[in-house]
Amino acid sequence: MTSTKTRIAGFDFDNCLMNAAGVACMTIAELEAVKDSAAGTFVTKTATLDFRAGNPEPRYQDVPLGSINSMGLPNQGLDYYLDYLLELQEREPSRTFFLSLVGMSPEETHTILKKVEASDFQGITELNLSCPNVPGKPQIAYDFETTERILKEVFAYFTKPLGIKLPPYFDIVHFDQAAAVFNQFPLAFVNCVNSIGNGLYIEDESVVIRPKNGFGGIGGQYIKPTALANVHAFYQRLNPEIQIIGTGGVLTGRDAFEHILCGASMVQVGTTLHKEGVAAFERITAELKAIMEEKGYESLEDFRGKLQYIEE
Ligand code: RRO
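Residues numbered from 1 in each chain as written. Predicted model: local features only at pLDDT ≥ 70, side-chain atom pairs only at ≥ 80, totals over all residues. Heavy atoms only, no water.

**Student:** Requested: an account of the side chain of Thr44, with residues and values cited.
**Tutor:** Relative to the elements of secondary structure, Thr44 occurs in the loop between α1 (28–35) and β4 (60–63). Take Thr44: its relative accessible area is 0%, and that puts it in the buried class. For Thr44, the contacting residues outside a window of four places in its chain are Ala21, Cys25, Leu31, Tyr81, Leu85, Phe98, Leu99 and Ser100. (Helix = DSSP H or I, 4+ residues; strand = E, 2+ residues; numbered from the N terminus. Buried < 20%, exposed > 50% of the residue type's maximum accessible area, 1.4 Å probe, protein only. Contact = heavy atoms within 4.5 Å.)

**Student:** Quick rundown of the site of the ligand? Include the residues and the values.
**Tutor:** The full set of residues close to the ligand is Lys45, Asn69, Met71, Gly72, Leu73, Pro74, Asn128, Cys131, Pro132, Asn133, Asn194 and Ser195. Taking Asn69, its side chain carries an N or O atom lying 2.9 Å from an oxygen atom of the ligand. One nitrogen or oxygen atom from the side chain of Asn133 is found 2.8 Å from an oxygen atom belonging to the ligand. For the ligand, whose free accessible area comes to 320 Å², the fraction covered by protein is 92%. (Near = heavy atom within 4 Å. Polar contact = N/O pair within 3.5 Å; in protein donor to acceptor, adjacent residues only side chain to side chain. Areas by Shrake-Rupley, 256 points an atom, 1.4 Å probe, with all protein chains shown as cover.)

**Student:** An account of the sheet that holds strand β7 (residues 124–128) is requested, with residue identities and associated values reported.
**Tutor:** The seven strands are arranged β3-β15-β14-β9-β8-β7-β6 in an open sheet whose pairing can be described as parallel. Of all the strands in the sheet, the pair left with one neighbour each is β3 (17–19) and β6 (98–101). Along the sheet, successive strands turn relative to each other by an average axial angle of 25°, direction set aside. For β7 and strand β8 (residues 162–166), the ladder comprises four bridges, and the chain directions are parallel. Each residue of the ladder has a partner; that of Thr125, found in β8, is Leu162. Contacting β8, β9 (189–192) and β14 (243–247), helix α6 (residues 224–237) runs over the sheet at an angle of about 175° to β14. (Pairing = 2+ DSSP bridges. Axes fitted to C-alpha atoms, helices over the stretch in contact; angles between N-to-C directions.)

**Student:** For the packing of helix α4 (residues 144–154) against helix α5 (residues 172–182), give the residues involved together with the corresponding values.
**Tutor:** Running from N to C, α4 and α5 cross one another at 15°; their axes reach a closest spacing of 10 Å. Considering the angle they form, α4 stands roughly parallel to α5. As α4 runs across α5, the sense of the crossing is right-handed. Of the residues in α5, those touching α4 at Phe144, Thr147, Glu148 and Leu151 are His174, Gln177, Ala178, Val181 and Phe182. (Parallel < 35°, antiparallel > 145°, perpendicular 65-115°, else oblique. Left-handed = near helix turned anticlockwise from the far one by under 90°.)

**Student:** If you had to explain the sheet that holds β4 to someone new, which residues and values would you point to?
**Tutor:** Pairing is antiparallel across the open sheet formed by four strands, whose spatial order is β4-β5-β13-β10. Lying at the two open borders of the sheet, with one neighbouring strand each, are β4 and β10 (196–200). In this sheet, adjacent strand axes meet at a mean angle of 35° when their direction is disregarded. One ladder, built from three bridges, connects β10 with strand β13 (residues 215–219); its direction is antiparallel. When the sheet's bridge partners are listed, Ile196 is paired in β13 with Ile218.

The structure is reproduced here in structure tokens:
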């Protein structure tokens, strides 16, 4: 029997596909729909301490080869997601879910993480170090000194399973420097990648989203090669205890297969989920299983990380 089950931070999941944070995860109704689909689990919209309305609309646009967004971190506030997850873990004790979060400052990040640490939440936490869309706030993970300081401070008190959501890096030296930082910490995973920040999409003579004069994070088919490179670069460099979640450009089962081949233990679907709805999970899972069957692979372990190189 071909299986796409996987394991992250010691928790088992029936399927390796789930939503990417930001898509289908702002409200409890959306989260329940992902939970009840073929997805193995869900991650919440990145939560800040308090409710945020986010940037003015239009702020997300699907385009033929992907998407562009400058949402600006709209969310219901930590308590909304945490209260729901606490209720859900009573209702579905055999399943594990992800909570995404970040503060508007390092201080706020610590306030949030201390609340999660003190709570009864038994799931997995993803710290988003890569939001590209809050005017005046650069992506944290492009600043290695700040990232190292925050992680040092966090792991002084945070004992639950924690991973980080990363922006794409584009230089081999940056892969080396980033990995040297992450390898100092007991991270459960790194998630590669968030949207490619600050692209510009034009229709006729105009931008398509209002915030930042049209600049926004790019997702979808445009970003798969960058996503795969980041997944594999960190798979090659990180301590084996730090798992990789692959995100970016997953439209088909073949795309998910490539993420796993590059080293991903879980694969997230963002733009495609926005375009197609939760039915995407069943379709992509079936396509992935068909590829595995054709190749004689029964589990993800049979091919994870086994990307082939061309000999010198
Ligand atoms: O809300 C957003 O604008 C947003 C976030 Br927090 C993120 O991490 N990635 C993205 O593309 N948009």
